[in-house]
Amino acid sequence: MQTDYDILIIGGGMVGASLAVALRPLPLRIGLIEAVEFESNAQPSYDDRTIALSFGSKRIFDTLGVWQRLEAGGGRSRHPATCMDAQVPRAQDAQERPSRDTDTSLCGATPIHKIHISDRGRFGFARLDRADAGVEALGWVVENRALGQALKHALAETANLTMFCPASMEGVEFGADAATVSVRRGEHIDRFSARLVVAADGGRSLVREQAGIDAHRTEYRQTALVTNVTTERPHANVAYERFTESGPLAFLPMSAGRCAVVWSLPPDQVEPLLALDDAAFIAKLQERFGLRLGRFLKVGRRAAYPLAHTQVSETVRPRLALIGNAAHTVHPVAGQGFNLGLRDVAALAEILGGAQRDGRDLGELALLQQYANWRRRDVSVISTFTNSLVRVFSNDFAPLGIARNLGLVAVDLLPPAKRALLRLSMGLAGRLPRLARGLRL
Ligand SMILES: Cc1cc2nc3c(=O)[nH]c(=O)nc-3n(C[C@H](O)[C@H](O)[C@H](O)COP(=O)(O)OP(=O)(O)OC[C@H]3O[C@@H](n4cnc5c(N)ncnc54)[C@H](O)[C@@H]3O)c2cc1C
């Protein structure tokens, strides 16, 4: 049976767009359906956040030819002196975003040379250093909008791709030979057939729901308050992960003398913090983080993200594969969610590349099962790791406090423990896809 597309990707967020770019060397007809334009204020993936990309993710983007543009700020002109212009008045939440007319100067990727992990008010700490791993950087901090721009440029250069944006997937049916997807563009609805549908439509995936795949969602009872601050002392490319009694607080080095802040808190503490004026908010944040980076001089826009862990019962069905947040969501404490999703992309692209060369049906369950089997361990290890961090470090039980601080000291002092943590956080643990080893498909 002749289909309209070989592969239809639903969701052109960070993970779905990355898959479309990864598949471009293959002689396949790819369709990408994205509901919200990349530059829109309402775009849920390319928003005000920054993302810590692991060493392994940088290598994937390097191999895909996306890194160079991303490193320079996503493809727009790079003006470090005006990067701070992005600090416009704050939004009350992620849905209510101010106009982005000052946001034309996205900044480049900032390398992380060291990571400092500590338990606020206790003795334990651990330090990870790029010298321990013998690499130029442990990871890089990029703005989500810059990633959106870099991916958009790469998609525009992809000859075998048809992109529908803005367009929403409204329904999907799975038949023996093809899947059929209903796509709304304004008043108009089209139906497209494909050998394989890839769900990259995020944590509340409609594709997953329509396929009848169970997703177990557990609220962390924490909300991430995200912003950036300009600090008196330079961050010197150090990332700080500070565990506090109310939740983890991360400071990630950014361009133009700023740090990206991800402050996870009980939900009822977030609204009052969003309502404070800048000076009062800075005082609260300073009190929580301390003076290690000197005084905080200026704070950017604030937004809030409720946090949940999602585990799905299946990641593949005949003619369907789930990737990224549609397949798993994790707490941002270790900055692993997107990195995990990008490894889904690299593994699935490799399997589809092999299948295309062998002339196999791309929607065949036995083939997709290879992807599911490959990804299971990585997703499980990262989920267990992040959930343990949240549970163990959000617990005030005194003996547990002592044990976790001894754990931090052990990581700091014991080379094998440090090496294991480095490999995990750098995205180099387990079986690596070709793209993560710097090899093309
Ligand atoms: C506060 C916070 C900080 C984070 N920090 C990090 C970090 O430092 N490092 C890291 O690796 N990860 C981080 N993450 C995780 C990361 O943001 C996610 O893993 C990533 O956004 C997942 O991308 P995705 O493309 O799978 O899903 P999404 O980003 O949710 O994108 C889904 C896309 O699908 C589109 N869509 C949805 N439904 C439809 C439909 N019916 N039709 C068409 N299109 C549709 C949406 O418009 C959207 O563009 C963080 C998360 C949070 C909340």
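Residues numbered from 1 in each chain as written. Predicted model: local features only at pLDDT ≥ 70, side-chain atom pairs only at ≥ 80, totals over all residues. Heavy atoms only, no water.

**Q** Explain the side chain of R195 to me, please; I cannot follow it from the model alone.
**A** Position of R195 relative to the elements: it lies in strand 11 (residues 188–199). Of the side chains bearing the opposite charge, D361 lies closest to the buried R195, which forms no salt bridge; the N-O distance is 4.5 Å. In terms of polar contacts, R195 uses its side chain to reach the backbone carbonyl oxygen of D177, at 2.9 Å. What R195 contacts, discounting residues up to four positions off in sequence, is M1, T3, Y5, D6, D177, R319, D361 and G363. (Helix = DSSP H or I, 4+ residues; strand = E, 2+ residues; numbered from the N terminus. Buried < 20%, exposed > 50% of the residue type's maximum accessible area, 1.4 Å probe, protein only. Lys, Arg positive; Asp, Glu negative; His and termini not counted. Salt bridge = Lys/Arg side-chain N within 4 Å of Asp/Glu carboxyl O. Polar contact = N/O pair within 3.5 Å; in protein donor to acceptor, adjacent residues only side chain to side chain. Contact = heavy atoms within 4.5 Å.)

**Q** Is there a simple way to explain the sheet that holds strand 7 (residues 139–143) in this structure?
**A** Strands belonging to one sheet form pairs held by backbone hydrogen bonds; the direction of such a pair is parallel or antiparallel. If you walk across this open sheet you meet the three strands as 3-7-4, and the pairing is antiparallel. Whereas interior strands pair on both sides, the edge strands pair on one side only; in this sheet they are strand 3 (50–54) and strand 4 (110–112). Mean inter-strand twist for the sheet, computed between neighbouring axes without regard to direction, equals 30°. Judged from the three bridges that link them, strand 4 and strand 7 form a sheet pairing that is antiparallel. (Pairing = 2+ DSSP bridges. Axes fitted to C-alpha atoms, helices over the stretch in contact; angles between N-to-C directions.)

**Q** How should I be thinking about the site of the ligand in this particular structure?
**A** The environment of the ligand is formed by 31 residues, the closest being E34, S45, A52, N325 and F338. The separation between a nitrogen atom of the ligand and a polar main-chain atom of G335 is 3.2 Å. Protein contacts shield 89% of the accessible area of the ligand, which totals 1000 Å² for the unbound molecule. Put simply, the parts of the chain that give the shell around the ligand at least two residues each are helix 1 (14–22), strand 3, strand 9 (168–174), strand 12 (215–231) and helix 9 (337–357). No other element matches the three residues that helix 9 contributes to the shell around the ligand. When the residues that make up the shell around the ligand are grouped by side-chain class, the tally is 16 nonpolar, twelve polar and three charged. (Near = heavy atom within 4 Å. Areas by Shrake-Rupley, 256 points an atom, 1.4 Å probe, with all protein chains shown as cover. Nonpolar A, V, L, I, M, F, W, Y, C, P; charged D, E, K, R; others polar.)

**Q** Where do I start with the layout of surface pockets in this structure?
**A** Which parts of space are left empty comes out when a probe the size of a water molecule is rolled across the atoms. The calculated volume of the second largest pocket comes to roughly 420 Å³. Lining the second largest pocket are 22 residues, with Q311, V312, T315, R376 and V379 positioned closest to its centre. Residue assignment for the lining of the second largest pocket shows that the elements contributing at least two residues are strand 17 (303–312) and helix 10 (365–393). Sorting elements by how many residues they give to the lining of the second largest pocket places helix 10 first, with ten residues. (1 Å grid on protein atoms, 1.4 Å probe; cavity = no way out; pocket = protein on both sides within 12 Å on 5 of 7 lines; lining within 4 Å. Points joined across faces, edges and corners; volume = space filled by probe spheres on them.)

**Q** Which parts of the structure should I look at to understand unusual backbone geometry?
**A** With the exception of glycine, the majority of residues adopt a negative phi angle, and the majority of peptide bonds are in the trans configuration. A cis amide bond links C165 to the next residue, P166, at an omega of 5°. Mapped onto the elements, P166 comes out in the loop between strand 8 (161–164) and strand 9. Phi at A256 takes a positive value of approximately 55°, unusual for a residue other than glycine. Along the chain, A256 turns up in the loop between strand 14 (247–253) and strand 15 (258–265).

**Q** I keep staring at the pattern of salt bridges and nothing clicks. Help me out?
**A** Any two side chains of opposite charge can pair if their charged atoms end up close together. As enumerated under the stated definition, the model contains 23 salt bridges in all. The residue R217 makes a salt bridge to E219 at a minimum N-O spacing of 3.2 Å. Taking relative accessible area as the criterion, R217 reaches 33% and is therefore assigned partly exposed. Given a relative accessible area of 43%, E219 falls into the partly exposed group. Among the salt bridges present, the one from D344 reaches R375, with a minimum N-O distance of 2.7 Å. Residue D344 is found in helix 9, and its partner R375 is found in helix 10; the two are separated by 31 residues along the sequence. Residue D344 is classed as buried on the basis of its relative accessible area of 1%. Each of the salt bridges in this network shares a partner with another, and the network as a whole consists of R343, D344, R375 and D378.

**Q** How should I be thinking about the environment of H113 in this particular structure?
**A** By the secondary structure assignment, H113 is in the loop between strand 4 and strand 5 (114–119). With a relative accessible area of 19%, H113 lands in the buried category. Separated by 124 residues in sequence, H113 and N237 place their C-alpha atoms 5.4 Å apart. Those residues within four positions of H113 in sequence are excluded, and the remaining contacts are L128, D129, R130, E136, L138 and N237.

**Q** Help me understand helix 7 (residues 267–275) in this model?
**A** Along helix 7, the positions that sit buried rather than exposed are V270, L273 and L274. In a view along the axis of helix 7, the buried residues occupy a sector of 100°, so they form one face of it. Seen from the open side of helix 7, the exposed residues pointing more than 90 degrees away from its buried face are D268 and A275. On the buried face of helix 7, the contacting elements are strand 12, strand 15, helix 8 (278–289) and strand 17. (Arc of directions from axis to C-beta.)

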